[in-house]
Amino acid sequence: MKRFLTCFTISTALFLIIPLLALSQDFDEAMELYENQQYEQAASIFSELNDSRSILFAGKSYFDMQQYTRANQYLSRAIQESSELAYRQEALYTLALSHFGMKSYTKSLDLLHELIVSDERGRARVDAQRFFRELLQYLTFEQRMKAIQATDYNPVARQLAESAYDIENDSNYEALVSAFLERIINSDERQDTAQELVRPSRLTDINTDSFTPLAPPEGLVYNLGVVLPANEEQSNDLLVPRNLYYGITMAADDFNSRFPNKKVALKFRNTHQNADSTAMAFHDVVWNGYADAVIGPLFSESAERMAGLAENYRIPMIAPLANSDEINLDYNYTFQMNPTFEVHGRMMARHAVQELGLDTLAVIGQEDALGTASARSFRQEAERLGAFISYYYEEDFSESGYDLTEFTEVFTSDVAEQDSMNYIPTQGIYAPFTGQAANTLVNLLMTDLEVLGSDMVVMGSEEWEEANLSGWQNRNFEIYYSQVFGGAADTSDIENFETDFENRFGIEADNFSKLGYDIATYILNSLDEAGNPDLLQHALRHRAPLDGLSIQIDMNGKRINQHVYIRPLTDPAIERVSNR
């Protein structure tokens, strides 16, 4: 009997020890995966184990994957079920970070406060104190006000108000203090506290066009959404978004290498070239990707549909190629890196009046065409600058078989004919032809001007770059056109990018690769300047111009890139530019 009991005891001990050994081995394997940042595999193992450590690290794994909702479930379990102080504190601190990642700033502050005021000491408590201080310096006025009103703790509300003095202007500080005082029920306590929070007045004006950059907490991750079409099969239609994305990736890598204490994560969503899937991708990247800004969609039609979503979410949407003049009319969170036709016209008018010194100008454009906006903008800006518009034509030239002679006859160089017909001598003409008929109209206009012996300066749209001019026209007419693409960065920077790009992706960088890099660099520099993504909308509009690899970005206080290049096309134009 004694021998049987001994055997039974040994067997029972082995039965208990073997699972513990297996559990330890599984945990060690999961920890190795976790430490190698293989969070998904680690979480899969941790979530199958039912001890306190595993529950904690399952939550930490999901947190590191930015799957905050799932992380919160495990972290809350670790807080409730763990008997180990260190595990509870680490879970509570990570839960606070998780709510910060979800932009639930009030919940994050409250959790940090609970850890800070607890009697339990530990490393997590020290980290919580540091992060709490950093968070107080990070919040915008609106975020701070909401937190004061929503926090469960008056000490948190007081610190939110008190710490604002060094960040906000006097008016905002007083508003925050007033909101905090509303929480105090006892009138004597409220009066005493109000006196304690009185600060010296600073005689500074409130400037609504400026903002104070906010310091991000150490380790902050900015999430940049990328909403573009993609396909596993190589398709010429998808080379543009692919190369754009590769360029964006290069910019993100550069940002991460420059800043050890803050990072950017790209959140790609495939739009499948479909309007409905584009909307779903936008929803998903904001709600599940926690995007601070979104690059995409590509073109004007999709961007117009998504502009309303960007406005509702108050998330800046940056359209890489859209150039419609309609997108930005009613929206404050849609940004266009490709200048609109209206911008092309305005910049050409400034060139004509301010650079070329022309004061009498004509405009000829197609009716109901993309260039119509350019023509109207040119006229408006030229007149604003003091020039006189002698002739303005906006016609459907297809009805006359594209015969322009009835419009161009007024540009004759015959002085006698000018006098007899009361033609107004004109120094320059702007012809923003677009579409399939552009080359035909360019050739007909130049032929008419050549026959008339005109010496007018001619200005046109991007389509003029492909104009089939005769040798005589190239030698004798001074012609300019507007263009978006053109590297402004140092040659060495462009060459280094091209080398790095080819080494990484195995293909040559094209203009779209460089455009993706330029756009992402501009956004990330703006995020760095703003600190808090809620200030990004302002920073995008007002930051210094970027001399990019493929374009120059100059928002000049607006939401549309205001920079276009004015290129000389013919010999006289090139000579004038070179002699400046």
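Quick caveat, the model's predicted, so the values are computed rather than measured.

1. Looking at the pattern of salt bridges
Piece 1. By the definition in use, this model includes 22 salt bridges.
Piece 2. A salt bridge links lysine 146 to glutamate 142, with the shortest nitrogen-to-oxygen separation between them at 3.4 Å. Here lysine 146 pairs with glutamate 142, and both are found in helix α8 (residues 141-150), just 4 residues apart, close to one helical turn.
Piece 3. Exposure remark for glutamate 142: the relative accessible area of 32% places this residue in the partly exposed category.

2. Structural notes on the packing of aromatic side chains
Piece 1. With the rule as written, the count across this model stands at 30 aromatic pairs.
Piece 2. For the ring pair tyrosine 34 and phenylalanine 57, a centre distance of 5.5 Å and an interplane angle of 80° mean the geometry is edge-to-face. Of this pair, tyrosine 34 sits in helix α1 (residues 2-35) while phenylalanine 57 sits in helix α3 (residues 52-64), and the two are 23 residues apart along the sequence. There is no split in this pair, since tyrosine 34 and phenylalanine 57 are both buried.
Piece 3. Relative to phenylalanine 501, the ring of phenylalanine 497 lies with its centre 5.6 Å away and its plane at 35°, an arrangement referred to as tilted. Placement of the pair is phenylalanine 497 and phenylalanine 501 together in helix α21 (residues 491-505), with a separation of 4 residues, close to one helical turn.
Piece 4. Judged by its relative accessible area of 0%, phenylalanine 501 falls in the buried class.
Piece 5. Here a set of aromatic residues connected by ring pairs shows up, and it is made of Phe27, Tyr34, Tyr39, Phe46 and Phe57.
Piece 6. Over the aromatic face of phenylalanine 27 sits the side chain of arginine 53, whose NZ or CZ is 3.8 Å from the ring centroid.
Piece 7. If you follow arginine 567 out to its NZ or CZ, it ends over the ring of tyrosine 565, 4.2 Å from the centre.

3. Quick look at the nonpolar core
Piece 1. By size, the foremost hydrophobic cluster in this structure holds 102 residues, and its most contacted members are Phe46 and Leu135.
Piece 2. At 8 residues, the largest contribution of residues to this core is made by helix α22 (residues 511-530).
Piece 3. Residues contacting leucine 135, with those up to four places away along its chain left out, are Phe100, Tyr105, Ser108, Leu109 and Leu112.
Piece 4. Core analysis: the second largest hydrophobic core is formed by 29 residues, Ala431, Leu441, Trp464 and Leu569 among them.

4. Re the pairing of strand β7 (residues 388-395)
Piece 1. The pairing of strand β6 (residues 360-366) with β7 spans 7 bridges and is parallel. From the neighbouring strand, threonine 360 faces β7, where its bridge partner is phenylalanine 388.
Piece 2. For the segment spanning β6, helix α16 (residues 371-384) and β7, crossover handedness is right-handed.

5. A closer look at the sheet that holds strand β4 (residues 317-319)
Piece 1. Spatial strand order, β2-β1-β3-β4-β5: 5 strands in an open sheet with parallel pairing. Each edge of the open sheet carries a strand with a single partner, namely β2 (262-270) and β5 (334-336). Between one strand axis and the next, the sheet turns through 25° on average, direction left out of account.
Piece 2. Here 2 bridges tie strand β3 (residues 293-295) to β4, and the two strands are oriented parallel to one another. Counted as the bridge partner of isoleucine 295 is isoleucine 318 from β4.
Piece 3. In this fold helix α14 (residues 300-313) packs onto β4 and β5, with an angle of close to 165° to the strand it touches most, β4.

6. What to know about the packing of helix α5 (residues 85-101) against helix α6 (residues 105-117)
Piece 1. Between α5 and α6, whose axes approach to 7 Å, the crossing angle comes to 160°. Judged by the inter-axis angle, α5 sits roughly antiparallel to α6. With respect to the hand of their crossing, α5 and α6 are arranged in left-handed fashion. Contacts between α5 and α6 pair Gln89, Leu92, Tyr93, Leu95, Ala96, His99 and Phe100 from the former with Tyr105, Lys107, Ser108, Leu111, Leu112, Glu114 and Leu115 from the latter.
Piece 2. Here the residues of the contact of α5 with α6 are counted per class, giving 9 nonpolar, 3 polar and 2 charged.

7. A few points about unusual backbone geometry
What is expected of a backbone is that most residues other than glycine have negative phi and most peptide bonds are trans.
Piece 1. Each neighbour pair has its own omega, and for glycine 296 with proline 297 the value is -5°, a cis peptide bond.
Piece 2. Its location among the elements puts proline 297 in the loop between β3 and α14.
Piece 3. Of note in this structure, glutamine 66 is not a glycine but carries a positive phi near 60°.
Piece 4. For glutamine 66, a relative accessible area of 11% puts it in the buried group.
Piece 5. Positive phi is not limited to glycine here, since asparagine 422 has a value of about 55°.
Piece 6. Looking at where asparagine 422 falls in the secondary structure, it is placed in the loop between α18 (415-421) and β8 (428-431).
Piece 7. Owing to a relative accessible area of 63%, asparagine 422 belongs among the exposed residues under this scheme.

8. Points about the packing of helix α9 (residues 154-162) against helix α10 (residues 170-181)
Piece 1. In the contact formed by α9 and α10, the axes pass within 8 Å of each other and the chain directions differ by 170°. Between α9 and α10, the angle falls in the class roughly antiparallel. Residues Asn154, Ala157, Arg158, Ala161 and Glu162 of α9 pack against Tyr173, Leu176, Val177 and Phe180 of α10.

9. Structural notes on the confidence of the model for the protein chain
Piece 1. Averaged over the protein chain, the pLDDT score is 89; the fraction of residues at 70 or greater is 93%.
Piece 2. Throughout residues 1-18 the model reports pLDDT below 50, and contacts reaching past four residues in sequence, or to other chains, amount to 1 contact.

10. A closer look at α6
Piece 1. Relative to the 18 Å expected for 13 residues at 1.5 Å per residue, α6 spans 18 Å between its end C-alpha atoms, a close match to the ideal helical length.
Piece 2. With 10 of its 13 residues buried, α6 lies for the most part within the structure.
Piece 3. Buried positions along α6 lie against α5, α7 (123-136), α8 and α9.

11. Some remarks on helix α2 (residues 39-46)
Piece 1. Tyr39, Ala42, Ala43, Ile45 and Phe46 are the residues of α2 that are buried. Taken end-on, α2 shows its buried residues confined to a sector of 165°, consistent with a single buried face.

12. Remarks on the side chain of arginine 269
Piece 1. Mapped onto the elements, arginine 269 comes out in strand β2.
Piece 2. A distance of 2.4 Å separates polar atoms of two side chains, one belonging to arginine 269 and the other to aspartate 284.
Piece 3. Non-local contacts of arginine 269, meaning those with residues more than four positions away in its chain, are made with Val226, Val227, Leu228, Ala281, Asp284, Val285, Asn288 and Gly289.

Rules used in this analysis
- Residues numbered from 1 in each chain as written.
- Predicted model: local features only at pLDDT ≥ 70, side-chain atom pairs only at ≥ 80, totals over all residues.
- Heavy atoms only, no water.
- Salt bridge = Lys/Arg side-chain N within 4 Å of Asp/Glu carboxyl O.
- Helix = DSSP H or I, 4+ residues; strand = E, 2+ residues; numbered from the N terminus.
- Buried < 20%, exposed > 50% of the residue type's maximum accessible area, 1.4 Å probe, protein only.
- Phe/Tyr/Trp six-rings, centres within 6.5 Å; stacked < 30°, edge-to-face > 60°.
- Lys NZ or Arg CZ within 6 Å of the ring centre and 35° of its normal.
- Core = buried A, V, L, I, M, F, W, Y, C linked by side-chain atoms within 4.5 Å.
- Contact = heavy atoms within 4.5 Å.
- Pairing = 2+ DSSP bridges.
- Right-handed = clockwise from strand over helix to strand, strands pointing away.
- Axes fitted to C-alpha atoms, helices over the stretch in contact; angles between N-to-C directions.
- Parallel < 35°, antiparallel > 145°, perpendicular 65-115°, else oblique.
- Left-handed = near helix turned anticlockwise from the far one by under 90°.
- Nonpolar A, V, L, I, M, F, W, Y, C, P; charged D, E, K, R; others polar.
- pLDDT = per-residue confidence, 0-100.
- Expected span 1.5 Å × (residues − 1).
- Arc of directions from axis to C-beta.
- Polar contact = N/O pair within 3.5 Å; in protein donor to acceptor, adjacent residues only side chain to side chain.

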